[in-house]
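Geometric and topological summary
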Amino acid sequence: MSSPFPPVPPQPPHPGGGPEGGVLRHAHWWQHRWVRYGALVTLLALSGLVILALVREQTGTEGLLVGLGLAVLPVPLLVAAFRWLDRVEPGPWRNLIFAFAWGACAAALIAIIANSFATRWIATATADPSGADTLGATVIAPVVEESAKAAAVLLVFLFRRRDFTGIVDGVVIAGITATGFAFTENILYLGTAFGTDQLTGDSGIASVTAATFFVRVVMSPFAHPLFTVLTGIGFGVAALSGERQHTRRVLLPLSGLLLAMGMHALWNGSSSFGELGFFAVYAAIMVPAFGLLTWLVVWTRQRELRTVREELPAYAAAGWIAPAEPFALGSMRARRLARVYAGRHLGRPAARAVAQYEAYATSLAFLRHRGRQGRAGADFLVRERELLNELWRRKDVARPAMDYAVRMTAPPVRMPPPPWPAYGAPGVYGAYGYGQGPAYGPPGQAYGPVQGYGQGPAYAHGPAYGQGPAYGGRPHSSGTDHRNGHTPSYGYGYGTGTGQEQGHGYGYPPGPGPGPRPAADPHP
């Protein structure tokens, strides 16, 4: 059966093999990256200045400063929460900065202008100012604000497609955009409340400022992010769709946007449901929806880690990464230990290099997973080669840290009592060391290319990535090693055949038999 995507390319003969060359065409001045970045930064900066002027005009300088000081309090917490969700394949900071700036400046400016214009038009047309305010809050504001925030998600989806690969990316971009929007909106509401207190002389807990702070910052800091995350999920599912599924890629983001508008309208209209309407909507809808979306995102992140563990062994078999690294890269604890180890022993640049290594390896796993499902783009080979080259440049720094992380996070394996079904001294399985010698060794998990000779279900020929005590026993899942010279499988259980086993291996947990350590890493 032919593979749905090209085989893994062979590793380069020397580190840092650059991408295939090509002829660079002359770009027009408006096509240069600095021109596009400059235009975007200018647009957002002008929007921010206009926003500050409008808020200052409505709240006064003192109200602006009070609102700014109070509104900034939940921002670090929300940004950290979304960044935590994005730890498996962290997106570049420039995307997050753009999303926050768009929400705080461009989207907020669009909302202020459009909401004010629509409310005034409705009030003039109906001669009912109070009804216009209610209609504006429950109908106009959700449509305008969610559309303005969704524009940031759309721009990242279209122009940063490599960084937008799934649901978590959509959630993070949408959440950060909404956090920026809520920041600006809170400045306006809190500043206005402070101005009201200045006129009435209220202060302390009984003040309008305290009540506004409690409702908007303490009780519902996640309100705007929760609405817009629904749009982000729609874009995230669209990103998982094939390039030819045009209808799906259009309808899913629109469906998410409509859901965001509906929930936003319900939230804004809750105050008109009676004295307890706000708390009823908050308890019955907002809190369960927040819990459900949090579960969905965490479950998606666990699925991403499983994808890393399933896709990277192919690159380990080809020699691009060490055989034990798919396990380490599929564990958040192991990844963190690798970064800490690199920073402690080699300095902060090494820790950054390991973090980059983990991110590139994760992107590589996701790319191959999309190729397996037939969703890889036309640039699959080019992108794969780019990611592999980035890994290869950092392997000398990353591999010792990854080895340490595997040793520290290896799951325990039950050790049967001696005598083990083996001949010779245990040499292959040591305390995560390198062993040579005719031995089966005690049961343990082994990583590394091991060659087996003899008869019985315990012998491996080729790169082995075994989970379970030693080799053989039962075929467990697909892989790249061969049992008895033929069957591709991962072994689970230790062998009971006779013969000798020779080669290099990584083994854990520690066995009682140390093997001689070679001078150089046998796995380049």
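In this report, we go over the structure that sits alongside the text. (Residues numbered from 1 in each chain as written. Predicted model: local features only at pLDDT ≥ 70, side-chain atom pairs only at ≥ 80, totals over all residues. Heavy atoms only, no water.)

**Brief notes about the layout of surface pockets**
There is about 1,400 Å³ of room inside the largest pocket. Of all the elements in the fold, those that place two or more residues in the lining of the largest pocket are α1 (33–71), α2 (75–85), α3 (93–126), α12 (332–346), α13 (348–372) and α14 (380–409). A total of nine residues in the lining of the largest pocket trace back to one element, the largest contributor, which is α13. When the residues that make up the lining of the largest pocket are grouped by side-chain class, the tally is 16 nonpolar, seven polar and 25 charged. Taken as a whole, the second largest pocket spans an internal volume of roughly 1,100 Å³. For the second largest pocket, the lining is made up of 38 residues, of which Ala137, Glu145, Glu185, Tyr189 and Arg216 are closest to its centre. Listing elements by their share of the lining of the second largest pocket, those giving two or more residues are α3, α4 (129–159), α5 (167–200), α6 (208–219), α7 (223–239) and α8 (246–269). Looking at the lining of the second largest pocket, its residues break down into 18 nonpolar, 15 polar and five charged. (1 Å grid on protein atoms, 1.4 Å probe; cavity = no way out; pocket = protein on both sides within 12 Å on 5 of 7 lines; lining within 4 Å. Points joined across faces, edges and corners; volume = space filled by probe spheres on them. Helix = DSSP H or I, 4+ residues; strand = E, 2+ residues; numbered from the N terminus. Nonpolar A, V, L, I, M, F, W, Y, C, P; charged D, E, K, R; others polar.)

**Quick look at the packing of α13 against α14**
Axis angle and axis distance: for two packed helices, these are the angle between their axes and the distance between the axes, and together they describe the pair. Interaxial distance between α13 and α14 falls to 8 Å at its minimum, and their mutual angle equals 140 degrees. Every pair of crossing elements has a handedness; the one defined by α13 and α14 is left-handed. Class assignment for the residues of the contact of α13 with α14 results in 16 nonpolar, three polar and seven charged. (Axes fitted to C-alpha atoms, helices over the stretch in contact; angles between N-to-C directions. Left-handed = near helix turned anticlockwise from the far one by under 90°.)

**Overview of the packing of aromatic side chains**
Taken as a whole and assessed by the stated rule, the structure comprises nine aromatic pairs. Taking 5.9 Å as the distance between ring centres and 50 degrees as the angle between the ring planes, the aromatic pair formed by Phe98 and Trp102 counts as tilted. With a gap of four residues between them, Phe98 and Trp102 both fall in helix α3, about one helical turn apart. The exposure class of Phe98 is buried, given its relative accessible area of 13%. Aromatic ring contacts, followed pair by pair, group Phe157, Phe164 and Phe235 into a single cluster. In this arrangement the basic side chain of Arg301 is found over the ring face of Trp84, its NZ or CZ atom lying 4.1 Å from the centre. A cation over a ring is seen here: Lys395 above Trp392, with NZ or CZ 4.8 Å from the ring centre. (Phe/Tyr/Trp six-rings, centres within 6.5 Å; stacked < 30°, edge-to-face > 60°. Buried < 20%, exposed > 50% of the residue type's maximum accessible area, 1.4 Å probe, protein only. Lys NZ or Arg CZ within 6 Å of the ring centre and 35° of its normal.)

**Points about the environment of Met286**
Checked against the element boundaries, Met286 lands in helix α9 (residues 277–311). Taking the C-alpha atoms as reference points, Met286 and Ser220, separated by 66 residues in sequence, lie 9.0 Å from one another.

**Section: the nonpolar core**
In this structure, Val171, Trp267 and Met286 are the most contacted members of the largest nonpolar core, which totals 61 residues. For Met286, the contacting residues outside a window of four places in its chain are Phe222, Ala223, Leu226, Phe227, Met263, Trp267 and Val281. Core analysis: the next-biggest nonpolar cluster, separate from the first, contains 36 residues, Ala324, Val354, Ala365 and Val406 among them. (Core = buried A, V, L, I, M, F, W, Y, C linked by side-chain atoms within 4.5 Å. Contact = heavy atoms within 4.5 Å.)

**Some thoughts on the pattern of salt bridges**
By the definition in use, this model includes 12 salt bridges. With a closest N to O distance of 2.8 Å, Arg339 and Glu358 form a salt bridge. Of this pair, Arg339 sits in helix α12 while Glu358 sits in helix α13; the two residues are 19 residues apart in sequence, bridging distant segments of the chain. Of the residues examined, Arg339 reaches a relative accessible area of 27% and is grouped as partly exposed. For the salt bridge of Arg383 with Glu386, the shortest nitrogen-to-oxygen distance reads 3.5 Å. Highlighted residues: Arg383 and Glu386, both in helix α14, separated by three residues, approximately one helical turn. Looking at Arg383, the relative accessible area reads 18%, which means it is buried. A cluster of three or more residues bridged by salt bridges with shared partners is formed by Arg162, Arg383 and Glu386. (Salt bridge = Lys/Arg side-chain N within 4 Å of Asp/Glu carboxyl O.)

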